[in-house]
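Residue strings, one per chain:
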Amino acid sequence: MNRPAFLASNHPNGFLDGTIVGASNSFTMFIFVRGDVFKKSWSNIILRSLKLIPIFRVRDGYVRESVEENNRSYDQLYKMFLRNKMVMIFPESDSIPVKRLRTLKKGTARIVADMEGRGLKQNIAVVPTGLNYSFYGGFGKVLHMRFSSPIFFNDSLEATTSLSAAMLDLTKNLHRKLSDVVFHVPKEMEKVAETGFEIIWASRKKNFRFIQRDEDDFALHHNLGRLLQSENKRNDFVTVVEKHKKDVSNLGLKYKGKVPGMLSVLVSVLLLIPSFLSFIPMYAITKIGILIANISIRKMELYDSVVYGVGVLLSLLIDVAGIVIFGILFGWIGILIFLIARWLSALFYPSIDHLIRLQSELKWHRYKLKHRAEYEALMKQRDSIFEMLR
């Protein structure tokens, strides 16, 4: 995008939100984060080197510092926007691990108004960005990431009669567009939604990917959220989903997803042992991250961020140590072997995932052969669920 841009995102998963968006896209991006983590000199140097920009809030206790420090951040932001940089911001302000869009603060609109008031040559594109995790905490989650069409402050200025009204209009437009890219599940419907998400995911032939970009898959998940918001429509849906879940569970069956193809299964079998041996250090790293998070983290929104951060740090240490040790012992051949082993470690989880799916699919197939009428009744239930979501 050849203009300054704000990626305005919902904020369900702490520091992981900005990290994942930055790591999974080709564009260079800066991120606005809460300023209290910058207070120590060493953390200030490290965090700024990671392209993080502090924003201080009065409600966090920074009454005097908030104005001075934020002015410095705004000056830095303006210089970046002059170079058409992209910056991520979280209009919800706080991070809470929920599957719904929360009330947006006016800070994003206020900053955009400030930046454009300084005389930028191009209007800032505010790009609504939706982050939808399948669950929070634990391993093996899926993220649906979506971008909506950009909105511009100038349009809000033209549609209103004052600066404050324009900021309110931009905030409302941002909320409306974010609603199109964020799953919205009422709190009391979260358990039903998890079952619905499981049925959707398990009924589609897909390889495991942390970030999902399939439009049809996103539409089904998004429609599920919309359906559960409607008190008139959701009762029938909840009844069908809960009955289907109970019937499947009583038969000892589980939804684990369809096998993408027999070639994938064959490759998974061949790679299982070598990838497992390479995966052991990564498994230990994950367990260490989970242990540290369990001991030190009280806020759920920071849990995944700590696990991820510890994993990245220890992985880098293992990579450096492995390359040095294997290089000293075996030369360039040793370094090549180590790098191949590290690549294999990334294939272990997909390999296990394929085999678990195969086991589940064989169990379903055996049930179909023995109890065809009951199987067809279950499939009819499932099809009725998908019909409600179309």
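To be clear, the structure that these remarks concern was listed above.
On a predicted model such as this, the values are computed, not experimentally measured, just so you know.

A. Structural context of the overall build of the chain. A tally of helices and strands in the chain yields 13 helices and 8 strands. Its C-alpha atoms give the chain principal-axis dimensions of roughly 70 × 70 × 40 Å. Burial status across the chain gives 45% buried among its 390 residues. Within the chain, contacts between residues separated by at least 24 positions form 71% of all contacts whose residues are at least 6 apart in sequence. As presented, the chain carries roughly 21,000 Å² of accessible surface, and 60% of it is formed by carbon and sulfur atoms. The distance from the centre of the 55 positive side-chain charges to the centre of the 36 negative ones in the chain is 4 Å.

B. Representation of the packing of aromatic side chains. Applying the stated criterion across every chain, the model contains 7 aromatic pairs. Seen from their ring centres, Phe6 and Phe32 are 6.3 Å apart, and the 40 degrees between their planes marks the pair as tilted. Residue Phe6 is found in strand β1 (residues 5–9), and its partner Phe32 is found in strand β2 (residues 29–34); the two are separated by 26 residues along the sequence. Neither residue differs from the other here; Phe6 and Phe32 are each classed as buried. On the basis of an interplanar angle of 85 degrees and a centroid distance of 5.3 Å, the ring pair of Phe6 and Phe81 is categorised as edge-to-face. Separated by 75 residues along the polypeptide, Phe6 in strand β1 and Phe81 in helix α3 (residues 63–82) bring together distant segments of the chain. Comparing Phe6 with Phe81, the two get one shared label, buried. Through pairs of rings, three or more aromatic residues link up here, namely Phe6, Phe32 and Phe81.

C. Representation of the pairing of strand β3 (residues 52–55). Side chains Leu52 and Pro54 project from β3 onto one buried face, and the interleaved Ile53 and Ile55 project onto a second face that is buried too. As paired strands, β2 and β3 are joined by 4 bridges and run parallel to one another. Across the sheet, residue Val33 finds its bridge partner in β3, namely Pro54. Taken together, β2, helix α2 (residues 41–49) and β3 form a β-α-β motif whose crossover is right-handed.

D. Layout of the environment of Lys243. As for its placement among the helices and strands, Lys243 is situated in helix α9 (residues 231–250). When the C-alpha positions of Lys243 and Leu378 are compared, they lie 9.9 Å apart, and in sequence the two are 135 residues distant.

E. A look at the packing of helix α10 (residues 262–296) against helix α12 (residues 348–370). For the pair α10 and α12, interaxial distance at closest approach is 8 Å and the crossing angle is 135 degrees. The orientation of α10 with respect to α12, classified from their angle, is oblique. Remark: the crossing between α10 and α12 carries left-handed chirality. Each of Ser264, Val265, Ser268, Val269, Leu271, Leu272, Ser275, Phe276 and Phe279 in α10 lies in contact with α12, whose residues at this interface are Phe348, Pro350, Ser351, Ile352, His354, Leu355 and Leu358. Of the residues contributing to the contact of α10 with α12, the split by class is 11 nonpolar, 5 polar and no charged.

F. Expanded view of empty space enclosed by the protein. Applying the stated rule across the entire model yields 1 cavity of 30 Å³ or more. When its volume is computed, the largest cavity comes out at roughly 40 Å³. Lining the largest cavity we find Asn10, Val98, Lys99, Arg100, Leu131, Asn132, Tyr133, Tyr136, Val182 and Phe183. Among the residues making up the lining of the largest cavity, the classes are represented as 6 nonpolar, 2 polar and 2 charged.

G. Main features of the pattern of salt bridges. Tallied over the entire structure, the rule returns 9 salt bridges. Its salt-bridge partner being Arg102, residue Glu92 comes within 3.2 Å of it at the nearest N-O pair. With Glu92 in the loop between β4 (86–89) and α4 (107–117) and Arg102 in the loop between β4 and α4, this pair connects stretches of sequence that are 10 residues apart. Of the two residues, Glu92 and Arg102, neither departs from the other in class, the shared state being buried. Note that Glu188 and Arg234 form a salt bridge whose closest N and O atoms lie 3.6 Å from each other. In this pair, Glu188 sits in the loop between α6 (163–179) and α7 (190–202) while Arg234 sits in helix α9, placing the two residues 46 residues apart along the sequence. By relative accessible area, Glu188 is classed as exposed at 52%.

Calculation rules
Residues numbered from 1 in each chain as written. Predicted model: local features only at pLDDT ≥ 70, side-chain atom pairs only at ≥ 80, totals over all residues. Heavy atoms only, no water. Helix = DSSP H or I, 4+ residues; strand = E, 2+ residues; numbered from the N terminus. Buried < 20%, exposed > 50% of the residue type's maximum accessible area, 1.4 Å probe, protein only. Contact = heavy atoms within 4.5 Å. Areas by Shrake-Rupley, 256 points an atom, 1.4 Å probe, with all protein chains shown as cover. Lys, Arg positive; Asp, Glu negative; His and termini not counted. Charge placed at Lys NZ, Arg CZ, Asp CG, Glu CD. Phe/Tyr/Trp six-rings, centres within 6.5 Å; stacked < 30°, edge-to-face > 60°. Pairing = 2+ DSSP bridges. Right-handed = clockwise from strand over helix to strand, strands pointing away. Axes fitted to C-alpha atoms, helices over the stretch in contact; angles between N-to-C directions. Parallel < 35°, antiparallel > 145°, perpendicular 65-115°, else oblique. Left-handed = near helix turned anticlockwise from the far one by under 90°. Nonpolar A, V, L, I, M, F, W, Y, C, P; charged D, E, K, R; others polar. 1 Å grid on protein atoms, 1.4 Å probe; cavity = no way out; pocket = protein on both sides within 12 Å on 5 of 7 lines; lining within 4 Å. Points joined across faces, edges and corners; volume = space filled by probe spheres on them. Salt bridge = Lys/Arg side-chain N within 4 Å of Asp/Glu carboxyl O.

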